[in-house]
Number of protein chains: 2
Amino acid sequence: MTETRTTALLTDKYELTMIDAAIASGHADRLSVFELFGRRLPATRRYGVVAGIARVLDAVEDFRFTPDEIAYLRDSTTLSDETLDFLADYRFSGDISGYAEGECYLPGSPLLSVTGTFAEAVLLETVLLAILNHDCAVAAAASRMTSAAHGRPCLEMGARRTHEEAAVAAARAAVVAGFAGSSILEAGRSYGIETIGTAAHSFTLLYDSEEEAFDAQIAALGPGTTLLVDTYDVTTGVERAVAAARRAGGELGAVRLDSGDLIAQAFTVRQQLDDLGAHDTKITVTSDLDEYAIAALGAAPVDSYGVGTKVVTGSGHPTAELVYKLVARQDDSGQWTPVAKKSSSKQSIGGRKYAGRVVAEGHAAVELVVASDDPQAARDYLASRGARPLQVDLVSGGEINEEHRGPAALDAARKRHESSRAELPYQAWRLSEGEPAIPTVMEVL
Amino acid sequence: MTETRTTALLTDKYELTMIDAAIASGHADRLSVFELFGRRLPATRRYGVVAGIARVLDAVEDFRFTPDEIAYLRDSTTLSDETLDFLADYRFSGDISGYAEGECYLPGSPLLSVTGTFAEAVLLETVLLAILNHDCAVAAAASRMTSAAHGRPCLEMGARRTHEEAAVAAARAAVVAGFAGSSILEAGRSYGIETIGTAAHSFTLLYDSEEEAFDAQIAALGPGTTLLVDTYDVTTGVERAVAAARRAGGELGAVRLDSGDLIAQAFTVRQQLDDLGAHDTKITVTSDLDEYAIAALGAAPVDSYGVGTKVVTGSGHPTAELVYKLVARQDDSGQWTPVAKKSSSKQSIGGRKYAGRVVAEGHAAVELVVASDDPQAARDYLASRGARPLQVDLVSGGEINEEHRGPAALDAARKRHESSRAELPYQAWRLSEGEPAIPTVMEVL
């Protein structure tokens, strides 16, 4: 069994030492707003994709220090008894609003706004960033792939190329961005994602001949299965594959190509299948694909793409470069004060942000982000500019908004991504490096 | 609570459909050898680093299909009752040998050899690859960083930049490769790793002034703490930091720089600290470091490096590109047959491999990999060439060799890596792209 444990120790130690010092000095209860955002998009990207919101909600709910966690902290740190008591009683009781899952985002978009006491809000920093940095990175890569695939199904098969638990989250993020299924069974169980896959080269090599292997696979999985035809010679493999399905009284579902020059092979194999009369037999390709390879295969007679390494590792950008910053806090008189780091690089604008997307002539034109300590004034301002509001309530007074997790939420996220991406102007779809698809305009009310 | 679940569904569906077909055709029990290896090292790398072996042993032990997993599979797949019964009873009962954790490796090094029936050995493919592809990628990057740091401590702080569970494994892999500690508490609890960290910019911003924040931190953590001095102005920050420690009756432990030109700042801040008489106050730097930045900081008066994104994401190579291939299996008469995919690219040499490292004139000279169906002959051959044997018994008849997991194993792995890396010739230490540090020679006996 993997250990039963809460998410509470998936946390950088300094979150706890900060709380310890703030409790001792009497500042831990100052009401605070933290925002989670990206200062920029990873270099080549035109837009980001929000994924992982449902996992954020699970992690917030599971963030508890049980006696086991407290015992570990008591033995291994200098945290005060008062701090340990605070942690033992911890349940997030504040508010979280943010971008809904599937939404596209830009530099400066406030993906999450977390409001609560300093102590309760800072404590969530590490796990919120970990989830969104990972899931958004995968979703951004996946979205480029599904857009390059122009409607042909993309299937996630990268479980073996990333951390075993990250693989499950990656499958989910890929589905948010339009992938049609995943190879990893836990993604099926945990998230209701359709799982796919039939056989590897080892299966063919287990048998004394390729024919025997194909017959055995078809006997178990039916002629509609996908046969891997490149263990020995592709042309012979295709011939044997079609024949094996017909011996079993059907037409072969698909052949899979996993090596060599996929573009050239796709044309040759399609011709061969057609010559054999196997017009309905599909071709799926799976060798080290990324968004560029998928785009290049667009003209070839390929029916679906199996993507591994590149989708689960964010295709060159394995982290979304998101940060979590204190942007406002109350002072002793209860007044809100915008705050931000001042020195050299990494400057931010203080104050809580409200975001909307301005659509003009059918396409998104501007990401409008307004800093204000008056929520209604900020919302009115966004409305006056015709901006579609981008933030939704995810947690209110510690209560999870159930609309944003579970199988229906995943389906909604996938649809939301499709329409959010469709709303972006043409340059968003380009795979080349460049500026964000739309500019972010920051205003302070 | 995170769900209690076994590792069994961290598995690609096709492992199960292959078993289903092999059981039906009567081939599932053919004794087989699978090998886990890299065809090449990621482009810039001179050597790989084995990390994750202890996690592999845990995953093998936990690989069980409980009634929950069986129920999911019965509902969502076409697996036969016979296959489901096989899975319900599954415990790996074969042998696994492989490279010990911390060892350096080269292209073609057989990191794991898994011997058992086809069904029991193929089933482990996904989770074994996931663990080693992730952990070895992190360890390879971490090893480049610790070698570039020339003895200055490197500290892992990347939890927020990768999947939350991957972060725990990454901390462990970094420690195998010489890192001195980690920011993530779960790495402390799960693996006994020293955890580090004091405060972020948000802590300083919580207070009405930097002085108040420094006083509060020192009151809780003592003057030996590390103060983050770049929230406002670095020079003023350093002055206030030293003064705050002295107000509390001590000398400041360290200052942390997290932005700006770290090399220039390190010199300025060191001079300032010395001018203030704070000769023992150390400087730690933490802004987007990788092995190149660490090397460049070698001439600057820096005492330790905090590394985030780049170590947990493998510094440009988030996966180690390892594969798991059937290399030999018995036929119906019980004869061993070497097998390998034949078509186009991705060719492998069939047959079980035995590996040794030939050391000449004090340095490793050749990775000798011998394919043979006679273990004793292979070992004798390696001995005749003066090769240090590289494979150890990890699992024997399903029993885990406990020497290779637990806190003592982590410590041993760290020492093993230090000596294995020291044994490599000089070119191994170069950060630039190039050939593997030593050539791999493959022979078939």
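Along each chain, numbering runs from 1 in the same order as the chain's sequence is written. Chains and ligands are labelled sequentially in the order written, the chains with letters from A and the ligands with numbers from 1. Residue-level local features of this predicted model are given only where pLDDT is at least 70; pairs of side-chain atoms are given and counted only at 80 or more, and the full residue set underlies all totals for whole chains, interfaces and linings. The side-chain values count all of the structure's non-hydrogen atoms but skip hydrogen atoms and water molecules.

**Quick word on the overall build of chain A**
Helix and strand counts for chain A come out as 16 helices and 19 strands. Accessible area is worked out with a 1.4 Å probe on protein chains only. A residue is then buried under 20% of its type maximum, exposed over 50%, and partly exposed in between. Sorting the 445 residues of chain A into buried and exposed places 63% on the buried side. What makes two residues a contact is simply this: any of their non-hydrogen atoms within 4.5 Å. Taking contacts inside chain A between residues at least 6 apart in sequence as the whole, the part at least 24 apart equals 75%. What sets the accessible areas is the Shrake-Rupley method with a 1.4 Å probe; for residues, cover comes only from the shown protein chains. Within the structure as shown, chain A displays about 15300 Å² of accessible surface, and the carbon and sulfur contribution to it stands at 50%. In this count, Lys and Arg are taken as positive residues and Asp and Glu as negative ones, while His and the chain termini are left out. Here the site of a charge means atom NZ of a Lys, CZ of an Arg, CG of an Asp or CD of a Glu. Side chains of chain A give 41 positive and 63 negative charges; the mean places of these two sets differ by 5 Å. For helices the rule is a DSSP run of H or I covering at least 4 residues; for strands it is a run of E covering at least 2, with both sets numbered from the N terminus onward.

**Considering the domain arrangement of chain A**
As used throughout, domain bounds are those supplied by an automatic or database domain assignment. Taken as a whole, chain A is organised into domain 1 (29-53 + 95-139 + 317-444) and domain 2 (198-301). Inter-centroid distance (C-alpha atoms) of domain 1 of chain A to domain 2 of chain A is 44 Å.

**Some words on the environment of A:Trp336**
Residues and elements named next belong to chain A. Summarising the element assignment, Trp336 is placed in strand E13 (residues 336-338). With 137 residues separating them in the primary sequence, Trp336 and Ala199 have C-alpha atoms 60 Å apart. Setting aside anything within four residues of it in sequence, one finds Trp336 in contact with Leu31, Ser32, Val33, Ala328, Arg329, Gln330 and Asp373.

**A closer look at the relation of the copies chain B and chain A**
One copy of the chain maps onto the other through a rotation about an axis plus a displacement along that axis. The copies were overlaid with a least-squares fit restricted to C-alpha atoms from residues scoring a pLDDT of at least 70 in each copy. For the pair chain B and chain A, the superposition axis carries a translation of 0.0 Å, the fit reaches an RMSD of 0.0 Å, and the rotation angle comes to 180°. Taken together, the rotation angle and the small translation identify this as a two-fold axis. A shared interface surface links the copies, since 100% of the contact residues of chain B are contact residues in chain A too.

**Thoughts on the sheet that holds strand E12 (residues 322-330) of chain A**
All names here are of chain A. Should DSSP find at least two bridges between two strands, the strands are taken to pair. Taken in spatial order, the 7 strands line up as E13-E12-E1-E5-E3-E17-E18 in an open sheet, and their pairing is antiparallel. At either margin of the open sheet sits one strand with a lone partner, and together these are E13 and strand E18 (399-400). Here 2 bridges tie strand E17 (residues 391-396) to E18, and the two strands are oriented antiparallel to one another. Across the sheet, the residue bridging to Ser396 is Glu399, located in E18. Fitted lines through C-alpha atoms serve as axes, helices being fitted only where they are in contact, and the angles separating the N-to-C directions of these axes extend from 0 to 180 degrees. Across the sheet, helix H2 (residues 53-62) is in contact with strand E3 (95-99), strand E5 (112-117), E17 and E18; its angle to E17 comes to roughly 20°. Its contacts with the sheet place helix H6 (residues 125-148) against strand E1 (31-38), E5 and E12, and it is angled at close to 140° to E12.

**Topic: the interface of chain B and chain A**
Contact residues are listed per partner, giving 107 residues for chain B and 107 residues for chain A. Buried area, as used here, totals the accessible surface that two parts lose on assembly, with accessibility defined by a 1.4 Å probe and the loss added over both. Carbon and sulfur atoms make up 56% of the surface buried where chain B meets chain A, a total of about 9000 Å² over both sides. Should a side-chain nitrogen of Lys or Arg be within 4 Å of a carboxyl oxygen of Asp or Glu, the pair is scored as a salt bridge. Here chain B and chain A share 16 salt bridges between them. Across the pair B:Glu125 and A:Arg160 runs a salt bridge whose closest N-O atoms are separated by 3.0 Å. Under this definition, polar contacts are N or O atom pairs within 3.5 Å; protein pairs additionally need one hydrogen-donor-capable and one acceptor-capable atom, and for neighbouring residues in sequence, both atoms have to be side-chain atoms. Counting the contacts that link chain B with chain A gives 50 residue pairs in polar contact (both at pLDDT 80 or more). Tallied by class, residues from the side of chain B that touches chain A come to 40 nonpolar, 35 polar and 32 charged. Lys, Arg, Asp and Glu make up the charged group, whereas Ala, Val, Leu, Ile, Met, Phe, Trp, Tyr, Cys and Pro make up the nonpolar group; the residues left over, Gly among them, are polar.

**A word on the packing of helix H3 (residues 67-76) of chain A against helix H4 (residues 81-88) of chain A**
Residues and elements named next belong to chain A. For the pair H3 and H4, interaxial distance at closest approach is 10 Å and the crossing angle is 160°. Between H3 and H4, the angle falls in the class roughly antiparallel. In the packing of H3 onto H4, the handedness of the crossing is right-handed. Contacts between H3 and H4 involve Ile70, Leu73 and Arg74 on the former and, on the latter, Asp81, Leu84, Leu87 and Ala88. The residue inventory of the contact of H3 with H4, partitioned by class, reads 5 nonpolar, no polar and 2 charged. An angle counts as roughly parallel when it lies under 35 degrees, as roughly antiparallel when it exceeds 145, as roughly perpendicular when it falls between 65 and 115, and as oblique in every other case. Helix crossings fall into two classes, left-handed where the near helix is turned counterclockwise from the far one by less than a right angle and right-handed where it is turned clockwise.

**Comments concerning the packing of aromatic side chains**
Between 30 and 60 degrees the pair is tilted, below 30 it is stacked and above 60 it is edge-to-face, where a pair is any two Phe, Tyr or Trp rings, Trp via its six-membered ring, whose centres lie within 6.5 Å. Evaluation of the coordinates by the stated rule reveals 12 aromatic pairs over all chains. Here B:Phe63 and B:Tyr90 contribute two aromatic rings whose centre-to-centre distance is 5.7 Å and whose plane-to-plane angle is 70°, an arrangement assigned as edge-to-face. Taken as a pair, B:Phe63 in the loop between helix H2 (53-62) and helix H3 (67-76) and B:Tyr90 in the loop between helix H4 (81-88) and strand E3 (95-99) lie far apart in primary sequence, 27 residues in all. A relative accessible area of 3% places B:Tyr90 in the buried class. Put simply, the rings of A:Phe63, A:Phe65, A:Phe86 and A:Tyr90 pair up and form one aromatic cluster.

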